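What the coordinates show
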Amino acid sequence: MDRRTFVKAGCIGSASLLMQGLDPMMRAESAPTATPPIELHGLPDYKPSPLGMPGLFPARVIEIREASAIVRNRVSQPIVRPMLERAMKELTGEASAREAWARFIQASDIVGIKINPSGAPACCSSPELVREIISSVQSLGVPARNIVVYDRYSYEMDVGSYQALLPAGIRIVGIQEAFGSGGGYESDVYCDATFFGEWETRSYMASIVVHEVNKIINVPTMKDHSASGVTGALKNLAYGTFNNVARTHRAPYSFTNPLIGLMCTVEPLRSKSVLHIMDGMRQVWHGGPLTQVQDFIDQPGVLLVATDPVAMDTIEMEAIEKTRRERGAPSVWQHDAKSITANTEEFQHDASKNLFYRQPGHIAAAGQHGLGIADLKQIDHRVVSV
Amino acid sequence: MKRETGNSKPAEDWPTLLKDNARSGGQKPYPARSPERAVWQFRAGGSVRSAPILKDGNLYVTSVAGVLHAIDIITGTSKWKFQAGGQVHATPSLFAGQILFGSDNGKVYAVDLHDGTQMWEVPTGAEVWASPVIRNGVAFFGSADARVYAVEAASGKMRWVQEIGGRIYSTIYAAERQLYLGCGDGKVYCLDSSSGKTLWSTSTGNGIDSSPAVVDDLVLIGSEDFFFYAISATTGQVRWKYETGLGIASSPAIWSDSTFFGSKDGFLYALEIQTGRLRWKTRVGEVVTAPPMIGDGVVCIQASGTFALDTANGKILWRAGLAGAIQSVPVLAGETIYLASLSGEVYALR
């Protein structure tokens, strides 16, 4: 890959944002007193789909774990294949993987696969898993040209080398080149709010979601997130679909709760997001979402499959909390001022420090908006093996 | 096989990716110190994801907005610009008064070097991010449609098309009779340059977007399987491979009996070409995907800034804090470094 070099997103993001006055590490002048009013403008007259979140199987989360699926940081596609098939059958109760997939996808669909490349290369949606998803979709008769793998930022996809690693014929789309670059968003579908007195108060939905695809398969990763607590299915959809979201953070405060959940309720994003396949081959338990520090990245070899993103993220958070406890790191719920630092280097290498007061409550808030079930007692969490 | 030396060019020219078709990355004295100021700054009007090239006092830069810019290197002003029909991520190449480059609309364009008028275009089935390589009057390039194309560089007339197993983002290395390239299907291919027929292919453990260098009968290339390979250019047999910490998208450069490349694990590596023995490795950032540039005893790499390291031991000689937003491969021309950025700025630094 010669056409470009890359400088890790932690640097590039800060630099780019800084130029636009949108640096999330900019300190808030004072603690916000309350959540501001948030206006949601969905696509007018859009008819909701029964496949939309929480989907066909509310509260059900399938977990499948296979240690040999990732060895020395390399994901094995031949092992991922039966894992995904088994999980899909368990989720749907169908006898075959093909029948399971057919509950969500038809041959005439335009299928978007929403990946998460933001931690690339250390932790991002594994190309090996994405290839298996593509193969499964194609097995239903969806032609390659009707499959779109996408994310917001082209340069992050570039670092993950998705362009080279995915099959020929499918489309690979970055909605925008970088922070602040225009284009690719629908002017009539947006969320409007002022969080910290910012001048640009709207976040627009990606046009590819509004107009191009009619089904979305969400492929989040399993990561701690310095602002939202964890980043999973909900955040990958919300902050990966709407633009101008960095403005919701002003260290050490963040409005990811409730904005993440609210964004996921906006049509047509809600209706089109029919299936969530969480890549837990790697698990970032501190420093997310962008860390490249391998000390904070475990390799459990896990997949979670669900139609309910709230239940999925609840299970994800439990897993990350468990790891953090085992490693002596504070809970993502902790709001101790002593744990807050403005020093990114310190944050990147000390699991007891954080940049923000994390907002893991965004998951339950999304549940309150009808996107799924956050109560562990109500979640049908099935752990299966190949 | 003899060492490829590329065409003889005036010292200041930089007509293609990594300076010449030999992937030398320069091979001339470079600044012994960090640049201190921007001589000029040019706004390209769109992100730049490719590397500039240099010829006869003009810098040629493509932008994602689909524009090829010709910039006067003395004044930093535009001489002309050409609008392609799609986004451009490809580094252009120069050939006999033409600039060749690929576009996301699947076309490869040839544009007149002097006035920016289109001379010809060739369609492919998907985006073309790899740079065209010209050898003996024929331009060779791969496309994301999984095909390798050979066209007459002067006219754009098609010579042959060869389908291989995956998307192609690797720039071809063109030897006298063979072409070498990596492919998204994880294989390194050797094709007959006259027909496109596959002479051999060798599998690695994952896709390839690195571009090969060839020296002393060895094809040197990195793979996303974390390994750097040395493969017999004649037989395709793996001679040795070296494991890094993550995937390798960076293309290698050659200096004396060493090869240099970056890995996504953040290190720049120097290996002995004949054995694969590690000479040194130095951390230059969190992630490296750029190819290194080689000077007289100095290797330069774009990572978390621009680094210059001693080729003998990997010691960092200087580091220029050119901000994280720089996302292009630099052109090193004596005391001046030309760089383009993700934000669409082109800089002349001295």
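Please read all numbers here as calculations on a predicted model, not as lab measurements.

1. Some thoughts on the overall build of chain B
- Summing up its helical and strand segments, chain B has 0 helices and 33 strands in all.
- Across the 350 residues of chain B, 68% fall into the buried class.
- Of the contacts made within chain B by residues no fewer than 6 positions apart, 44% connect residues no fewer than 24 positions apart.
- Carbon and sulfur atoms form 47% of the exposed surface of chain B, whose accessible area is close to 11200 Å².

2. Some words on empty space enclosed by the protein
All names here are of chain A.
- This model, assessed by the stated rule, comprises 3 cavities of 30 Å³ or more.
- In this structure, the largest cavity encloses a volume near 60 Å³.
- Lining the largest cavity, in full, are Arg324, Pro330, Ser331, Gln334, Ser339, Ile340, Ser352, Lys353, Asn354, Phe356, Tyr357 and Arg358.
- Class assignment for the residues of the lining of the largest cavity results in 4 nonpolar, 5 polar and 3 charged.

3. Remarks on the packing of helix H2 (residues 77-92) of chain A against helix H4 (residues 127-138) of chain A
Residue and element names in this part refer to chain A.
- The geometry of H2 relative to H4 is characterised by a closest axis approach of 9 Å and an angle of 50° between their N-to-C directions. On the basis of their axis angle, the class for H2 and H4 is oblique. Between H2 and H4 lies a crossing of right-handed hand. Counted together, Gln77, Val80, Arg81 and Leu84 of H2 and Glu128, Leu129, Arg131, Glu132, Ile133 and Ser136 of H4 form the full contact between these two elements.
- Here the residues of the contact of H2 with H4 are counted per class, giving 4 nonpolar, 2 polar and 4 charged.

4. Side note on unusual backbone geometry
- Following Ala120 of chain A, the chain continues into Pro121 of chain A via a peptide bond in cis, with omega recorded as 0°.
- Structurally, the position occupied by Pro121 of chain A is in the loop between strand S5 (111-114) and H4.
- In this chain, Gly288 of chain A is followed by Pro289 of chain A through a cis amide linkage whose omega measures 10°.
- Along the polypeptide, Pro289 of chain A turns up in the loop between strand S15 (273-284) and strand S16 (297-298).
- With phi around 50°, Asp216 of chain B is a residue other than glycine that occupies positive phi space.
- Given a relative accessible area of 30%, Asp216 of chain B falls into the partly exposed group.
- The backbone of Phe226 of chain B sits at a positive phi, close to 85°, despite the residue not being glycine.
- Tracing the backbone shows Phe226 of chain B in the loop between strand S20 (218-222) and strand S21 (227-232).

5. Considerations on the sheet that holds strand S22 (residues 238-243) of chain B
Residue and element names in this part refer to chain B.
- Read across the open sheet, the 4 strands follow the order S19-S20-S21-S22; overall the sheet is antiparallel. In the strand order of this sheet, the two ends are held by strand S19 (213-215) and S22, each with one partner. Ignoring which end each strand starts from, the neighbouring axes of this sheet average 20° apart.
- Sheet analysis places S21 next to S22, joined by 5 bridges and oriented antiparallel. Within S22, the residue paired with Phe227 across the bridge is Glu243.

6. Topic: the packing of aromatic side chains
All names here are of chain B.
- Enumeration over the complete set of coordinates arrives at 23 aromatic pairs over all chains.
- Seen in terms of ring centroids, Tyr242 and Tyr269 are 5.7 Å apart; in terms of plane orientation they differ by 65°. Their pairing is edge-to-face. Of the two residues, Tyr242 is situated in strand S22 and Tyr269 in strand S25 (residues 267-272); the sequence distance between them amounts to 27 residues.
- On the basis of relative accessibility, which here comes to 2%, the residue Tyr269 falls in the buried class.
- Feature note: the residues Phe228, Trp240, Tyr242, Phe261, Phe267 and Tyr269 constitute an aromatic cluster, connected by ring pairs.
- Note that Lys241 overlies the ring of Phe227, its terminal NZ or CZ placed 4.4 Å from the centroid.
- Its end group placed over the ring of Phe267, Lys281 keeps NZ or CZ at 4.7 Å from the ring centre.

7. Points about the pairing of strand S17 (residues 187-192) of chain B
All names here are of chain B.
- As judged from the 5 bridges shared by strand S16 (residues 178-182) and S17, these two strands associate in the antiparallel manner. Bridged to Tyr180 within S17 is Cys190.
- Turn length for the S16-S17 hairpin, with the two strands adjacent in sequence and antiparallel, is 4 residues, and the turn residue Gly186 shows positive phi of about 90°.
- Examined bridge by bridge, S17 and strand S18 (residues 198-203) share 5 bridges and lie antiparallel to one another. Across the sheet, residue Leu191 finds its bridge partner in S18, namely Thr198.
- In sequence, S17 turns back onto S18 through a hairpin of 5 residues, with Gly196 there showing a positive phi of about 85°.

8. Examining the confidence of the model for chain A
- Looking at chain A as a whole, its pLDDT mean stands at 92, while 92% of the residues score no less than 70.
- Scored below 50 in pLDDT, residues 1-22 of chain A makes 82 contacts in the model with residues more than four places away or belonging to other chains.

9. Notes on the confidence of the model for chain B
Residue and element names in this part refer to chain B.
- When the pLDDT values of chain B are averaged, the result is 89; 89% of them are 70 or greater.
- Between residues 1-11, whose pLDDT stays under 50, and residues either more than four places distant or in other chains, the model counts 21 contacts.
- Both scores are available for the predicted complex, with the pTM at 0.91 and the ipTM at 0.87.

10. Comments concerning H2 of chain A
Residues and elements named next belong to chain A.
- Over its 16 residues, H2 runs 22 Å from end to end, which matches the ideal 22 Å to within 8%, given 1.5 Å per residue.
- Taken together, the buried positions of H2 are occupied by Gln77, Val80, Met83, Leu84, Ala87, Met88, Glu90, Leu91 and Thr92.
- At the exit of H2 stands Gly93, carrying a positive phi of roughly 80°.

11. A few points about the environment of Phe95 of chain B
Residue and element names in this part refer to chain B.
- Here Phe95 lies in strand S7 (residues 93-95).
- As a C-alpha pair, Phe95 and Ala154 span 59 residues in sequence and 8.5 Å in three-dimensional space.
- Setting aside residues no more than four positions away along its own chain, Phe95 makes contact with Ile134, Gly137, Ala153 and Ala154.

Cut-offs and rules
- Residues numbered from 1 in each chain as written.
- Chains lettered and ligands numbered in written order.
- Predicted model: local features only at pLDDT ≥ 70, side-chain atom pairs only at ≥ 80, totals over all residues.
- Heavy atoms only, no water.
- Helix = DSSP H or I, 4+ residues; strand = E, 2+ residues; numbered from the N terminus.
- Buried < 20%, exposed > 50% of the residue type's maximum accessible area, 1.4 Å probe, protein only.
- Contact = heavy atoms within 4.5 Å.
- Areas by Shrake-Rupley, 256 points an atom, 1.4 Å probe, with all protein chains shown as cover.
- 1 Å grid on protein atoms, 1.4 Å probe; cavity = no way out; pocket = protein on both sides within 12 Å on 5 of 7 lines; lining within 4 Å.
- Points joined across faces, edges and corners; volume = space filled by probe spheres on them.
- Nonpolar A, V, L, I, M, F, W, Y, C, P; charged D, E, K, R; others polar.
- Axes fitted to C-alpha atoms, helices over the stretch in contact; angles between N-to-C directions.
- Parallel < 35°, antiparallel > 145°, perpendicular 65-115°, else oblique.
- Left-handed = near helix turned anticlockwise from the far one by under 90°.
- Pairing = 2+ DSSP bridges.
- Phe/Tyr/Trp six-rings, centres within 6.5 Å; stacked < 30°, edge-to-face > 60°.
- Lys NZ or Arg CZ within 6 Å of the ring centre and 35° of its normal.
- pLDDT = per-residue confidence, 0-100.
- Expected span 1.5 Å × (residues − 1).

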